[in-house]
Amino acid sequence: MSLLQSNVPEGPIAEKWTRHKNELKLVAPNNKRKYEILVIGTGLAGASAAASLGELGYNVKTFCYQDSARRAHSIAAQGGINAAKNYPNDGDSVWRLFYDTVKGGDYRSREANVYRLAEVSANIIDQCVAQGVPFAREYGGLLANRTFGGAQVSRTFYARGQTGQQLLLGAYSALMRQVNKGKVQNFARREMLDLVNIDGNARGVIVRNMVTGKLERYVGDAVLLCTGGYGNAYYLSTNAMGCNVTAAWRCYKRGAYYANPCYTQIHPTCIPVSGDYQSKLTLMSESLRNDGRVWVPKDVNDKRSPEQIPEADRDYYLERRYPAFGNMVPRDVASRAAKERCDEGFGVNESGRAVYLDFKRAIAEQGQKAIEAKYGNLFHMYRKITNENPYEVPMKIYPAVHYTMGGLWVDYNLQSTIPGLYVLGEANFSDHGANRLGASALMQGLADGYFVAPYTVGHHLASNKLEKVDTNNPAFEQVESEVQGRIDKFLSINGSRSVDSFHRELGLVMWDNCGMARNAAGLQAAIEKIQSIRWEFWENVHVTGSGHQLNMELEKAGRVADFLEFGELLARDALAREESCGGHFREEHQTPENEAKRDDENFAHVAAWEYQGDDAEPTRHQEELNFENVKLTQRSYK
Amino acid sequence: MKLTLHIWRQSKTETKGEFKTYELPDVSEHMSFLEMLDVLNEKLISQNEEPVAFDHDCREGICGSCSMMINGQAHGPDLETTACQLHMRKFKDGDDVWIEPWRADAFPVLKDLVVDRSAFDRIMQAGAFVSVNTGNAPDANSTIVPKMNADLAFDAATCIGCGACVAACKNASAMLFVSAKVSQYALLPQGDPERKTRVLRMVAQMDKEGFGGCSNTNECEAACPAGISVNNIARLNREYFKATLTSRES
């Protein structure tokens, strides 16, 4: 029997979640304190889940690799969070948010999950405001909204260009309150290095104390993985330097299926790469496309500076190709359009890999003050990095790896194929299909953490009689010795290349072959190249220092070793998916207008990969996607 | 450009540290300060020396991880800029650059430039929250907040918790950090019910952690990469004074 039971409840889509909640088993208030829940990661999903479970009375332990829970990378999200509030009275509804998200994901997400997401979106805003999150407001004192890509309504709530920061600090404050009450224990500078299963259930983790270097064992009745995405497989991305796939990858190797790893989001508006020392890429929020217009010169040979190029000689290619949505097309569409112009030689910048994002008209119409109020911190950041003033000259932007829609496979309850292992936020695969719409990641992280997991985890605890175990269980011994063996191995190789040099090499292969456009030959080549980089890594990496201290090289070695395995799975998944959809664009499969061409007959399914051992090929399982409410059409933003 | 770096090296909290000098040729003016340190570290690794440990993560100036004194200034010479957003174009060929960890009793050095800032978390645990459980919050627009208050609250809430204010203060005071959070909640109706207990408990915890009193020199504001205003300290003082006179909490 396939393990891929989505467990989507029966009934009309609008009633599924309500009915399901009524049927979920409960843990009585005085019994909740008997349970221990481990939450890995303290971003929006982890912090909100840990706080909510603590409030309910469970004993919660949280772990993060940063020095404080408040620094998880959700903090860097800029533009906003969607919610079907319809405050602007522009016709929004739960249905429309649901529909836009399914369509935006190019019909590769699970309908019921997306509907639930849209349904709880309004509660998220209420919750955050009650916590004291200072959202942008109108002069009358009510909340302000703006538009994001892939939507024709204004449903995005925001706090200048720092929405993620404010939402995360809200969740962090709820978490700190529970720490104060003794319901949550917070372990910072701890990195999860493996999962411990006992009798088929996820029952614990091995983490490394990053200050002392000691391995520590923690036992629990459920493990919640809230560890974000795998964008750093590409080395250069908008992710924080520490973001990694290790926790999810270790769970995969312990029996959790990995779903749709080929769905990566290349964000259209990032500051272009400069120099080979570059360590990361910086996003310029999608919200800028509300007021900024994207263009390149009409003439390939036009080398004038942008302010000297008159309107008539500019090609506002998004407005030209997609008149209905214009500059607000979804991210995958905008990124490919930028790549197309640059491939044709119209790109600007010394590298030819950039397009303009121009605020001239908006500044003329609204005044510089208004633009500053909306995007001040982004303009400030742009100026810091590039030394150019975007109020005077247009920004130069280019797509970069930003978000990953794939992740560990979960059912409707957010439970993975390992009972007791729940996966929340970007780390799971479920809600965004093949492309995530802007301002939907914050929504999903908080929906999973505040409003889904607190119900479904309780159901797991109430319906399974879990045996009492402790960290002296032989399973802990076994897993810990494997983790220790790996650490010893890294330190003993003593080769001649740094960890980073391997990471950069992997990143180039990923970007060149598994980036915005992919083809079978390139993906085949990528698999072979990754294998050979991996082989050399284990022969020739040089990790300085020892295991019994704060050792950032050792931390990186573990993450890069896992990326070197994961990258191959990503390429395999991209190779097996013989269609184009959302962020996954196979050159072999495109319409005459160069748009992504889906194959609904053969690929309207989730691909979930099962680990079969280091030397064996993984097995590809399928979960068929049934669309009962939304009609599958060629996605059009024209 | 060519730089001479003087960097604080300390293997752990208990051991004594010292400055070590490194020459770095070929620094590009387009590099960020941390990328310059990356290049140094690559060089050290190739010489089988331990790279310089420093905290960093988002490298976009928002996570608050990076934390170093650069030529005696927290986060270096640029206004409202974290070390990760500082670019080498601010330096010139032949410069000497002194790089140290945050200096404060409440922030013990863990290794090289990495310090332990968990004291900040404990101050937050003492009261930096609104006591509202998940679920059934009232409709977000049921409470109107004047735009000016919302904007001021936002300005205070943008604190990234990096600790530059503490490092810059000769008293190693955490007043700017604490005042930013106290202000955010004091300016919003949601924070009102707990405003007295919040300020009393957070200040008590701040003292307990070993942070000093406000030096009134405003160096914190000058060093703050998020542009947090010292007006917040004035507001904290008002809140604290009111609370000590009128709070029923013993």
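Since this is a predicted model, take the numbers as computed values, not measurements.

Undergrad: Is there a simple way to explain the overall build of chain A in this structure?
TA: Counting secondary structure elements, chain A contains 17 helices and 19 strands. Here chain A has a C-alpha radius of gyration of 24 Å; the compact-globule value for 638 residues is 26 Å, and the two agree. Every one of the 638 residues in chain A was classed for burial, and the buried ones make up 61%.

Undergrad: Honestly, unusual backbone geometry in this entry has me stumped. Any pointers?
TA: Leaving glycine aside, a negative phi is the common case for residues, and trans is the common case for peptide bonds. A positive phi angle, near 45°, is found at A:Arg160, a position not held by glycine. Following the sequence through the fold, A:Arg160 ends up in the loop between β4 (156–157) and α6 (163–181). Backbone geometry at B:Asp112 places phi at a positive 40°, although glycine is not the residue there. Mapped onto the elements, B:Asp112 comes out in the loop between β6 (109–111) and β7 (114–115).

Undergrad: Would you take a moment to explain the sheet that holds strand β7 (residues 201–209) of chain A for this structure?
TA: The strands making up a sheet associate through hydrogen bonds between their backbones, and the pairing can be parallel or antiparallel. Residues and elements named next belong to chain A. Taken in spatial order, the three strands of this open sheet run β6-β7-β8, and their pairing is antiparallel. The open sheet has two edge strands with one neighbour each: β6 (190–198) and β8 (215–219). Looking at each pair of strands side by side, their axes are set apart by 25° on average, direction ignored. Lying over the sheet, helix α13 (residues 474–493) contacts β6, β7 and β8, oriented at roughly 140° with respect to β6.

Undergrad: Can you walk me through α6(A) in this structure?
TA: Count 3.6 residues to each turn of an α-helix, and residues three or four apart come out pointing the same way. A rise of 1.5 Å per residue sets the reference length of α6(A), with its 19 residues, at 27 Å; its end C-alpha atoms lie 27 Å apart and thus fit the reference within 8%. Taking burial as the measure, the 19 residues of α6(A) include 17 buried ones, the bulk of the element.

Undergrad: It is not clear to me how the sheet that holds strand β3 (residues 69–70) of chain B should be interpreted in this structure. Could you clarify?
TA: Spatial strand order, β2-β1-β5-β3-β4 (chain B): five strands in an open sheet with mixed pairing. Two strands in the sheet have a free side with no partner beyond their single neighbour: β2 (18–24) and β4 (73–74) of chain B.

Undergrad: What exactly am I supposed to notice about the interface of chain B and chain A here?
TA: How big an interface is tends to be expressed through the accessible area that disappears when the partners come together. At the junction of the two partners, chain B supplies 66 residues and chain A supplies 63 residues. At the level of elements, α1 (33–46), β6, α2 (118–127), α3 (147–157) and α5 (175–186) of chain B are the ones that each hand at least two residues to the side of chain B that touches chain A. Residues belonging to the side of chain B that touches chain A are distributed by class as follows: 30 nonpolar, 21 polar and 15 charged.

Undergrad: Would you mind showing me how to read the domain arrangement of chain A here?
TA: Residue and element names in this part refer to chain A. Domain assignment breaks chain A into domain 1 (267–402) and domain 2 (474–603). For domain 1 versus domain 2, the separation of C-alpha centres amounts to 30 Å. Listed as interface residues are six residues of domain 1 and, on the opposing side, five residues of domain 2. The dominant element in the side of domain 1 that touches domain 2, judged by the number of residues it contributes, is helix α9 (residues 331–343), at five residues. Partitioning the side of domain 1 that touches domain 2 into residue classes produces one nonpolar, one polar and four charged.

Undergrad: Would you mind going over the pairing of strand β18 (residues 605–610) of chain A with me for this structure?
TA: For a regular strand, side chains alternate in direction, first toward one face of the sheet and then toward the other. All names here are of chain A. Judged from the two bridges that link them, strand β10 (residues 258–259) and β18 form a sheet pairing that is antiparallel. Across the sheet, residue Tyr258 finds its bridge partner in β18, namely Trp609. As paired elements, β18 and strand β19 (residues 619–624) share six bridges and run antiparallel to each other. Bridging across to β19, Glu610 finds its partner in Thr619.

Undergrad: Hey, could you run me through helix α5 (residues 111–130) of chain A in this one?
TA: Residue and element names in this part refer to chain A. Compared with an ideal rise of 1.5 Å per residue, which puts 20 residues at 28 Å, α5 spans 30 Å between its outermost C-alpha atoms and is within 8% of the ideal. The principal kink in α5, of about 35°, is found at Val120. With 18 of 20 residues buried, α5 lies mostly within the body of the structure. Once α5 ends, the next one or two residues include Gly132, with phi positive near 95°.

Cut-offs used in this document
- Residues numbered from 1 in each chain as written.
- Chains lettered and ligands numbered in written order.
- Predicted model: local features only at pLDDT ≥ 70, side-chain atom pairs only at ≥ 80, totals over all residues.
- Helix = DSSP H or I, 4+ residues; strand = E, 2+ residues; numbered from the N terminus.
- Rg over C-alpha atoms; globule rule 2.2 N^0.38 Å.
- Buried ≥ 20, exposed ≤ 12 C-beta atoms within 10 Å, placed from the backbone.
- Pairing = 2+ DSSP bridges.
- Axes fitted to C-alpha atoms, helices over the stretch in contact; angles between N-to-C directions.
- Contact = placed C-beta atoms within 7 Å.
- Expected span 1.5 Å × (residues − 1).
- Nonpolar A, V, L, I, M, F, W, Y, C, P; charged D, E, K, R; others polar.
- Domains from an automatic or database assignment.
- Bend = angle between axes of the 7 residues up to and from the residue.

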